[in-house]
Amino acid sequence: MSQCQLEVTTGYNVTMAEYQLEVTTGDMMYAGTIDHIFITIFGSEARSDRTELDNVGIDFSAGKVGTYIIKTKGSLGRLLFVKVEKDPNRVFPEDEWFCSKIVVTTPERDVVLFPCHRWISRGELVELRGGKAVQVFKEDHPLLINHRNKEVMIKKDMYKWEIADEKLPHHIHFKDVSEFPAELRFSFSKTSEMLDANRKSCVELTFKGLVGSTKQWKNFDNIKHIFWFRKTEKSEYVAQHWKDDDFFGYQFLNATNPTVIERCLELPPNFPVTEEMVKPFLEDGSSLKKEMERGKIFICDQRIMDGIPTRKYNCDCLHVSSGFCLFYLNQEHKLMPVAIQLHQQPSEQNPIFLPSDPEPDWLLAKLFVKSTDVMMYEVVHHLLITHLLAEVFTVATLRNFPVIHPLYKLLIPHFRFTLHINTQSRKLIFAPDGTLDRSSLGYEGTKELIRRGLSEMTYSSLCLPDNIGARGLESIPNFYYRDDGLELWKIINSFVKHIVEYYYPSDNDVYKDTELQDWISEIFTHGFLGNKHAGFPESFYTVKEVVKFVTMVIFTVTAQHAALNSGQFDYHFWIPNGSLLLCKPPPTKKGQSSMETILETLPNVGETVKFAAMFWLLSDKYSDVVVLGDYPEERFDEPILKQMIKEFQAELSYLSKAIAARNSKLDLPYTYLDPKEIENSVTI
């Protein structure tokens, strides 16, 4: 007799079909339940009775896989979906249950995966789609068509767009994380670890009398002792080398903001650097013109900051620089700053600073350039491009794709915890009285910088190969962000290409997928605000277009976020290396500054430690990290898709080993784009 079939005689010969269920409870803290769980299986021919899953002992403890049998009067046909109900156990209080998946083995020996990966509350009813991923135009059963339409309708009602500012990307309408479905919130372990890290910082800084202190730093050495134990090898290196010109140049390639420097083929007319000014810093016998022709001159233009509003500090408006920094790639392949102008328009009060100037003048000029770079980095390249766009991608995915859609299955692991961290950030960081409100820009200036950043953003700027080419940085040496980033882009692109082409064999399939078209339309409208001149797609016509856009999405929320986020404490804990807040205006004349001037320009002790604590919290590692390429939540049922994931993981492993080998030869290893260090989503 078959394991999955049982013949029972009751006057008539009735063949009872047996469906074996393997029910997996999540392994995270508090995932289990002692409530009653009921299952109904729906097939193309019939459905099972509502059946309680009940074995001896506790059925649904964390990490447990329980096996159950449901008997039916004959085959149900092709399995369509499974209904899961959680009824109360009246003796005990409510306990949500995290159901990871249900695997059903049919009497015909077919094995069907029903992914769940969500918390189920008491009295809640959840319907799970199983089997292969399928697009809307391939649905072939009335029950499934109705189920799909109902799911999308419910999700669009659950996840709504909030328009807080017409010129900023739109975001989820929830005001607090407590309003989220439980599976979108941080895990219990992550929440407790973040609270613990924050508490320890507050206790240490309060004990030392640093919190709220209005004292100015009296010497640079004192800044090193903000924390007793919270240091990294890189943060120590930065504190030792922040004055070095070659390290200053290095940071524009491999620190937290490697996205702004570009090759200079011609000086801007409002940056009147002369041959005589920079000749001492170039190769003997060369000239600025020759070095430009050789592709060895680079520039950072901070015009986006020109005229931006700033906040008041001690009754006066703060100042930010908005000028230029010119770099020279010397014979030792070191990128050296050779000229700095702190504002866009040249004048007697806006001199061009040179490495030959007195040390305090040159250091102060570099401090203003680096501090403006930190503001641009945190607000535009970090907050806007990775966090705010990640939220747009997440909300559009939740609203437009049912869970059975192949792109939902592909993308949803890359949006884990994103809505939670962004909603928290809108209350604690990007908010009136938030951390960024304490920067030179303040809250209103920060919003204006995001508006400007979004208006200047182009599709090609988000696609790393196009970005590197447009900036003329294909061949500059020792550019590890570019080297590792392009390899990651290639690996992610290949992975996405295989998956998309599997489900969309032709361009016509792309055209017919109305859910896909709705998805990109919402991203174009709510993320890029309908900007038709920046190259963003508002609809898809070809498979190639889908592959490139999905590659960009995954790269942005994984690799790009890691490159920009992970080094915050490393490079910005040491406040003289660049600060979100400078308390004095940029210098207008040479020869009037001293090292004391630099200390007076830095934020006071209390302000410094607030920034330092934030950088630590946002750079810290937490125990429930999911790294790029790991997919602990099984969603794809097709063996060929599982093989694609394994090949993707293998490519990432090869790259990780290559990066480790290279880093072993470097004085300052570049680790931020090592796949082992990249989170699979924006979670912090």
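Right above here is the structure, for reference.
## Points about the overall build of the protein chain
Within the protein chain, the regular secondary structure consists of 20 helices and 18 strands. At 29 Å, the protein chain has a C-alpha radius of gyration in line with the 26 Å of a compact globule built from 684 residues. Counting all 684 residues of the protein chain, 58% fall into the buried class. Within the protein chain, contacts between residues at least 6 apart in sequence are counted, and of these 74% link residues at least 24 apart. Approximately 28,800 Å² of the protein chain is accessible, and the part contributed by carbon and sulfur atoms is 52%.

## With respect to unusual backbone geometry
Residue F417 is not a glycine yet carries a positive backbone phi of 70°. Its location among the elements puts F417 in the loop between α8 (406-411) and α9 (418-428). Judged by its relative accessible area of 7%, F417 is buried. At D433, a position not held by glycine, the phi torsion is positive, near 70°. If you trace the backbone, D433 turns up in the loop between α9 and α10 (442-456).

## Description of the sheet that holds strand β3 (residues 36-43)
What the four strands build is an open sheet, ordered β4-β3-β6-β9; its pairing is antiparallel. Since the sheet does not close on itself, it has two edges, and those belong to β4 (51-52) and β9 (125-129), each with one partner. Pairing between strand β6 (residues 79-87) and β9: five bridges, direction antiparallel. Bridge pairing in β9 places E85 opposite L125. Together, β6 and β9 form the strand contacts of helix α1 (residues 142-158), whose direction differs from that of β6 by roughly 50°.

## Focus on the pairing of strand β17 (residues 335-341)
Most of β17 is tucked away, with six of its seven residues classed as buried. Bridging between strand β16 (residues 324-329) and β17 involves six bridges; their strand directions are antiparallel. Across the sheet, the residue bridging to L329 is L335, located in β17. A loop of five residues connects β16 with β17, the two strands running antiparallel in sequence, and H333 in this loop sits at a positive phi of about 65°. Across two bridges, β17 lies against strand β18 (residues 352-353) in antiparallel orientation.

## Digging into the nonpolar core
I226, F393, L407, W519 and F549 are the most contacted members of the largest nonpolar core, which has 171 residues in total. Per-element accounting of this core gives the leading share, 24 residues, to helix α7 (residues 359-400). Other than its neighbours up to four places away in sequence, W519 contacts F393, A396, T397, N400, F401, L411, F540, F549 and V550. Y19, I41, L79 and V112 belong to the second largest nonpolar core, which has 25 residues in total.

## Details of the side chain of E679
By the element assignment, E679 lies in the segment after α20 (639-663). The charged side chain of E679 is buried without a salt bridge, its nearest counter-charge being R416 at 4.7 Å. Reaching out from E679, the side chain makes a polar contact with the side chain of T683 at a distance of 2.8 Å. If we skip the residues at most four places from it in the chain, E679 touches V557, T558, V625, V626, V627, L628 and I684.

## With respect to the pattern of salt bridges
The final tally for this structure, using the stated rule, is 44 salt bridges. R50 is paired through a salt bridge with D87; the nearest N and O atoms lie 2.9 Å apart. Of the two residues, R50 sits in the loop between β3 and β4 while D87 sits in strand β6, which places them 37 residues apart along the sequence. R50 gets classed as partly exposed once you look at its relative accessible area, which sits at 43%.

The rules behind these values
Residues numbered from 1 in each chain as written. Predicted model: local features only at pLDDT ≥ 70, side-chain atom pairs only at ≥ 80, totals over all residues. Heavy atoms only, no water. Helix = DSSP H or I, 4+ residues; strand = E, 2+ residues; numbered from the N terminus. Rg over C-alpha atoms; globule rule 2.2 N^0.38 Å. Buried < 20%, exposed > 50% of the residue type's maximum accessible area, 1.4 Å probe, protein only. Contact = heavy atoms within 4.5 Å. Areas by Shrake-Rupley, 256 points an atom, 1.4 Å probe, with all protein chains shown as cover. Pairing = 2+ DSSP bridges. Axes fitted to C-alpha atoms, helices over the stretch in contact; angles between N-to-C directions. Core = buried A, V, L, I, M, F, W, Y, C linked by side-chain atoms within 4.5 Å. Lys, Arg positive; Asp, Glu negative; His and termini not counted. Salt bridge = Lys/Arg side-chain N within 4 Å of Asp/Glu carboxyl O. Polar contact = N/O pair within 3.5 Å; in protein donor to acceptor, adjacent residues only side chain to side chain.

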